[in-house]
Amino acid sequence: MNDAYYSFLIPSYNESDNIQLIHEALKEELGKINCNYEILFVDDGSEDDTFKKIHQLAKDHPSVKYVSFTRNFGKEAALLAGLRHARGDAVIIMDADLQHPTYLIGNLIEGFEEGFDQVVAKRNRDGDSRMRSFLSKIYYKWIDQVVDVKLKDGEGDFRLLSRKAVEAVLELSEGNRFSKGLFSWIGFDQKTVYYRNHIRGNGDSKWSYKKLINYGIEGIVSFNQKPLRVCLYGGLIIMFLALLYIFVMLVEIIRTGIDVPGYFSIISSVLFLGGVQLVSLGIIGEYVGRIYAETKRRPHYLIRDSNMDRDL
Ligand code: UDP
Ligand code: MG
């Protein structure tokens, strides 16, 4: 018997068909490991029967805890609420859709007992659509160059955080949360365990391509100002080229007189510069928008119901 207390944090949004299954799978695995634990479901404003199912489970099993949001605030908010409420010496974050195999829990706990503050489960991309794995690969290759923290393909939220690591994540109070980056930012000794990707249990992935793209942008702008610098350099280079062009044209005009058929070059440079300006404005807008959101200091989520102590 292991005397540490573990919290299993399960963000759930419209997972009514999975709640029972993940609970059973967890129970079975935890029976083998024989440790003290709580299973904390965060119902992220589900529109189906997810909350009903969780509520029923909590009635039948004292180890089941829940926090339920007033509406869908997103997985990041659900993770934050879970980390704030979890009381374990270590928190293990898992998806509700059975994509995170419970047989790995033993390995995660082993890592914790060896003294690691973060034990990360890393998956391969079996079963993901080709397009999605291809785009992810490119994104992670590229983001490695751009962002100051290390983000790795296949390392998601399925991980164990020690109490120290949880406290560290909770210290980061930003409104736009990008957990993957935050987990990497806090550092600590980290161990990786590997597993094969699993196809989702029931229901659909909540990630449309649109959501994924937004998540990708969040990953870039949450962690540095390099995109702004790219705009600055790009703008400077284009300005220099434009000046060079103007100079050459001036010399040409002085030498041979005014040349009328300049339509193409004017239109192309106007369009090109317009594009560059819009992109730069867009990037600046991303940051300004974030500053705006941060200054409002709105809570990350609102709780409708819970069987735990109130929020900090
Ligand atoms: N999730 C959530 N809020 C959301 C979207 C998703 O709490 O707005 C939960 C979802 O119920 C699941 C986990 O986050 O437990 C991962 O979601 P999903 O399986 O859709 O993502 P994928 O595995 O496709 O990355
Ligand atoms: Mg999933």
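In this text the structure is predicted, and so the values were computed from the model without any measurement. (Residues numbered from 1 in each chain as written. Chains lettered and ligands numbered in written order. Predicted model: local features only at pLDDT ≥ 70, side-chain atom pairs only at ≥ 80, totals over all residues. Heavy atoms only, no water.)

**Student:** I'd like to hear about the coordination of the magnesium ion (ligand 2), residue by residue, with values.
**Tutor:** Taken together, Asp97 (OD) and Gln99 (OE1) make up the full set of protein donors to the magnesium ion (ligand 2), lying 1.9 Å away. Judged by relative accessible area, Asp97 falls into the buried class, the value being 4%. (Donors = N, O, S within 2.8 Å, 3.2 Å for Na, K, Ca; no water. Buried < 20%, exposed > 50% of the residue type's maximum accessible area, 1.4 Å probe, protein only.)

**Student:** Any chance you could break down helix α9 (residues 226-256) for me, citing the residues and the numbers?
**Tutor:** In a regular helix each residue adds 1.5 Å, so 31 residues correspond to 45 Å; α9 covers 44 Å between its end C-alpha atoms and thus fits that length. Within the sequence span of α9, burial applies to Pro227, Cys231 and Ile238. At the C-terminal side of α9, Gly257 shows a positive phi close to 90°. (Helix = DSSP H or I, 4+ residues; strand = E, 2+ residues; numbered from the N terminus. Expected span 1.5 Å × (residues − 1).)

**Student:** Give me the lowdown on the pattern of salt bridges, citing residues and values where you can.
**Tutor:** Per the stated rule, a full pass over the model turns up eight salt bridges. The shortest N-O distance in the salt bridge between Asp95 and Lys75 comes to 3.1 Å. Of this pair, Asp95 sits in the loop between β4 (90-93) and α4 (105-113) while Lys75 sits in helix α3 (residues 75-85), placing them 20 residues apart in sequence. Note that Lys75 and Asp157 form a salt bridge whose closest N and O atoms lie 2.9 Å from each other. Taken as a pair, Lys75 in helix α3 and Asp157 in strand β6 (residues 155-162) lie far apart in primary sequence, 82 residues in all. (Salt bridge = Lys/Arg side-chain N within 4 Å of Asp/Glu carboxyl O.)

**Student:** So what's going on with the layout of surface pockets? Which residues, and what values?
**Tutor:** The space that makes up the second largest pocket amounts to roughly 280 Å³. Together, Ile238, Leu241, Ala242, Tyr245, Ile246, Ser265, Ile266, Ser268, Ser269, Phe272 and Leu273 line the second largest pocket. At the level of elements, α9 and α10 (263-296) are the ones that each hand at least two residues to the lining of the second largest pocket. It is α10 that provides the largest number of residues to the lining of the second largest pocket, a total of six residues. Of the residues contributing to the lining of the second largest pocket, the split by class is eight nonpolar, three polar and no charged. (1 Å grid on protein atoms, 1.4 Å probe; cavity = no way out; pocket = protein on both sides within 12 Å on 5 of 7 lines; lining within 4 Å. Points joined across faces, edges and corners; volume = space filled by probe spheres on them. Nonpolar A, V, L, I, M, F, W, Y, C, P; charged D, E, K, R; others polar.)

**Student:** Pulling in residues and values, what's your account of the environment of Asp305?
**Tutor:** For Asp305, the position within the fold is in strand β8 (residues 303-306). On the accessibility criterion, Asp305 (27% relative accessible area) is partly exposed. For the pair Asp305 and His55, spaced 250 residues apart in sequence, the C-alpha to C-alpha distance is 10.0 Å. Excluding residues within four positions of it along the chain, Asp305 makes contact with Phe51, Tyr66, Val67 and Ser68. (Contact = heavy atoms within 4.5 Å.)

**Student:** Go over a negative patch on the surface with me, naming the residues and quoting the values.
**Tutor:** Together, Asp3, Asp89, Glu110 and Glu113 give the surface a local cluster of negative charge. Tracing the backbone through its elements, the reader meets Glu110 in helix α4. Judged by its relative accessible area of 44%, Glu110 falls in the partly exposed class. (Patch = residues over 30% accessible without salt bridge, like charges linked within 9 Å, V, L, I, M, F, W, Y side chains within 5 Å. Areas by Shrake-Rupley, 256 points an atom, 1.4 Å probe, with all protein chains shown as cover. Lys, Arg positive; Asp, Glu negative; His and termini not counted. Charge placed at Lys NZ, Arg CZ, Asp CG, Glu CD.)

**Student:** Tell me about the pairing of strand β3 (residues 64-69), and please be specific about residues and values.
**Tutor:** With six of its six residues buried, β3 lies for the most part within the structure. Side chains Val64, Tyr66 and Ser68 of β3 all project onto a buried face; the interleaved residues Lys65, Val67 and Phe69 project onto the opposite face, where all are buried too. Sheet topology note: the strand β2 (residues 35-43)/β3 ladder contains five bridges and is parallel. Among the inter-strand pairings, Ile39 is bridged to a residue of β3, identified as Val64. (Pairing = 2+ DSSP bridges.)

**Student:** Please provide a residue-by-residue account of the nonpolar core, values included.
**Tutor:** In a soluble, globular protein the nonpolar side chains are often hidden away together inside. Ranked by internal contacts, the top residues of the largest apolar core, which has 33 residues, are Tyr6, Phe8, Leu26, Phe41, Ile92 and Leu160. Leave out the neighbours within four places in its chain, and Phe41 touches Ile10, Ser12, Ile19, Ile22, His23, Ile54, Leu57, Val64, Lys65, Tyr66 and Val67. Formed by 25 residues, the second largest nonpolar core is a distinct cluster that contains Leu83, Ala86, Ala165 and Tyr301. (Core = buried A, V, L, I, M, F, W, Y, C linked by side-chain atoms within 4.5 Å.)

**Student:** Can you lay out a nonpolar patch on the surface for me, pointing to particular residues and giving the numbers?
**Tutor:** A cluster of nonpolar side chains, contributed by Leu232, Tyr233, Leu236, Ile237, Met239, Phe240, Leu241, Leu244, Phe247, Val248 and Val251, occupies part of the molecular surface with about 1100 Å² of accessible area. With respect to the element layout, Val248 can be found in helix α9.

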